[in-house]
Amino acid sequence: GLSADSYRHRHDITVTGDNVPQPFTSFEATGFPSEILREVYQAGFSAPTPIQAQSWPIALQGSDVVAIAKTGSGKTLGYLIPGFTHIKQRCNNPKLGPTVLVLSPTRELATQIQDEAVKFGKSSKISCTCLYGGAPKGPQLRDVDRGVDIVVATPGRLNDILEMRRISLRQVSYLVLDEADRMLDMGFEPQIRKIVKEVPTSRQTLMYTATWPKEVRKIAADLLVRPVQINMGNVD
Ligand code: ADP
Ligand code: MG
């Protein structure tokens, strides 16, 4: 409608794909459970960021998503909160493996994502752990064995743990590739492809990237199915 178009125009957002829903221009419009709304208000947020306004309804309707947006636009909660809803709907046993998998290029970024997942997901009883290199595997494997809803991982470490057969990705049905361009720049493409082979194809896949070069387009074309694409700013 006109208001959706004017919202997108005002925030320099272009959305392409099938069944593009109206953006959620307020937190009330999201229909998120009250414990989540309480967390966002407690954090001092007054409205969804433009990328959240547009990616939340798309993620909630189950579509694959490609979002091209610069850093600082609020992408993390853009995929995490619909991930919480997804977890609640699935009712999986976390001991059999995570339901949500987030791949991230570095330990630092993976830790930040986990912090955000814990902060906003705790009141919804969402559990999360982080797998990254340069630290002992023992404690990380203990968390996996205890069972978590969300695993945030760097591709190298997750691939090592998969090769040890110490984690199953058969329950993953919501897969996020965060900072996809950076993961490819760092040479993680072979590990990403091996990991994704372990995730059932019936999954929902979301890809977030700051740039949109041909290597990223290629992996998006291979791993996502009819994604809705959100472009923010002057990225073609
Ligand atoms: P990106 O991944 O796009 O670089 P982040 O997800 O790291 O951005 O978010 C950047 C900052 O904005 C974080 O500190 C985050 O807590 C904050 N933030 C997220 N959503 C909102 C919101 N709706 N309103 C205000 N700040 C927000
Ligand atoms: Mg980010």
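Basis of the calculations
Residues numbered from 1 in each chain as written. Chains lettered and ligands numbered in written order. Predicted model: local features only at pLDDT ≥ 70, side-chain atom pairs only at ≥ 80, totals over all residues. Buried ≥ 20, exposed ≤ 12 C-beta atoms within 10 Å, placed from the backbone. Helix = DSSP H or I, 4+ residues; strand = E, 2+ residues; numbered from the N terminus. Pairing = 2+ DSSP bridges. Expected span 1.5 Å × (residues − 1). Arc of directions from axis to C-beta. UniProt positions renumbered as here; feature names shortened; annotations may be inferred. Near = placed C-beta within 6 Å. Nonpolar A, V, L, I, M, F, W, Y, C, P; charged D, E, K, R; others polar. Axes fitted to C-alpha atoms, helices over the stretch in contact; angles between N-to-C directions. Core = buried A, V, L, I, M, F, W, Y, C linked by C-beta atoms within 7 Å. Contact = placed C-beta atoms within 7 Å.

Q: How should I be thinking about the pairing of strand 5 (residues 150-153) in this particular structure?
A: When a strand is regular, its side chains alternate between the sheet's two faces. Of the two faces of strand 5, the one carrying Ile 150 and Val 152 and the one carrying Val 151 and Ala 153 are both buried. Where strand 3 (residues 100-103) meets strand 5, four bridges bridge the pair, whose relative direction is parallel. Looking across to strand 5, one finds that Val 100 is bridged to Ile 150. Pairing between strand 4 (residues 128-131) and strand 5: four bridges, direction parallel. Note on strand 5: the bridge partner recorded for Cys 130 is Val 152.

Q: Can you walk me through helix 5 (residues 107-121) in this structure?
A: Every α-helix winds through 3.6 residues per turn, so residues three or four apart in the chain are directed the same way. The end-to-end C-alpha distance of helix 5, which contains 15 residues, comes to 20 Å, matching closely the 21 Å that a straight helix rising 1.5 Å per residue would cover. Buried within helix 5 are the following residues: Ala 110, Ile 113, Gln 114, Ala 117, Phe 120 and Gly 121. Taken end-on, helix 5 shows its buried residues confined to a sector of 145°, consistent with a single buried face.

Q: Explain the UniProt feature "short sequence motif: Q motif" (unreviewed entry) in the chain here, please?
A: Residues annotated by UniProt as "short sequence motif: Q motif" (unreviewed entry) correspond here to residues 25-53. Split by type, residues 25-53 is 45% helix and 0% strand. Its first and last C-alpha atoms lie 6 Å apart.

Q: I would appreciate a short explanation of the site of ligand 1 in the present structure.
A: Phe 45, Pro 48, Thr 49, Gln 52, Thr 71, Gly 72, Ser 73, Gly 74, Lys 75, Thr 76 and Leu 77 make up every residue found near ligand 1. Here the residues of the shell around ligand 1 sort into three nonpolar, seven polar and one charged.

Q: In this structure, what is going on with the sheet that holds strand 3? I would like to understand it.
A: By way of backbone hydrogen bonds, the strands of a sheet pair with one another, either parallel or antiparallel. Sheet architecture is open: eight strands sit in the order 1-8-2-7-6-3-5-4, paired in mixed fashion. Only two strands of the sheet have a single partner each, and these edge strands are strand 1 (13-16) and strand 4. Across this sheet, the average inter-strand angle for adjacent strands is 15°, counted without regard to direction. Where strand 2 (residues 65-68) meets strand 7 (residues 204-209), four bridges bridge the pair, whose relative direction is parallel.

Q: Would you take a moment to explain the environment of Phe 120 for this structure?
A: Relative to the elements of secondary structure, Phe 120 occurs in helix 5. Accessibility expressed as a C-beta count within 10 Å gives 21 for Phe 120, which makes it buried. It is 31 Å that separates the C-alpha atoms of Phe 120 and Gly 187, two residues lying 67 residues apart in sequence.

Q: Is there a simple way to explain the nonpolar core in this structure?
A: Soluble globular proteins tend to bury their nonpolar side chains together. Ranked by size, the top nonpolar core spans 63 residues in total, and within it Val 65, Ile 150, Val 152 and Met 207 carry the most contacts. If you tally residues by element for this core, the top one is helix 4 (residues 75-90), at six residues. If sequence neighbours within four positions are ignored, Val 152 has contacts with Val 102, Ser 104, Ala 110, Ile 113, Gln 114, Ala 117, Cys 128 and Cys 130.

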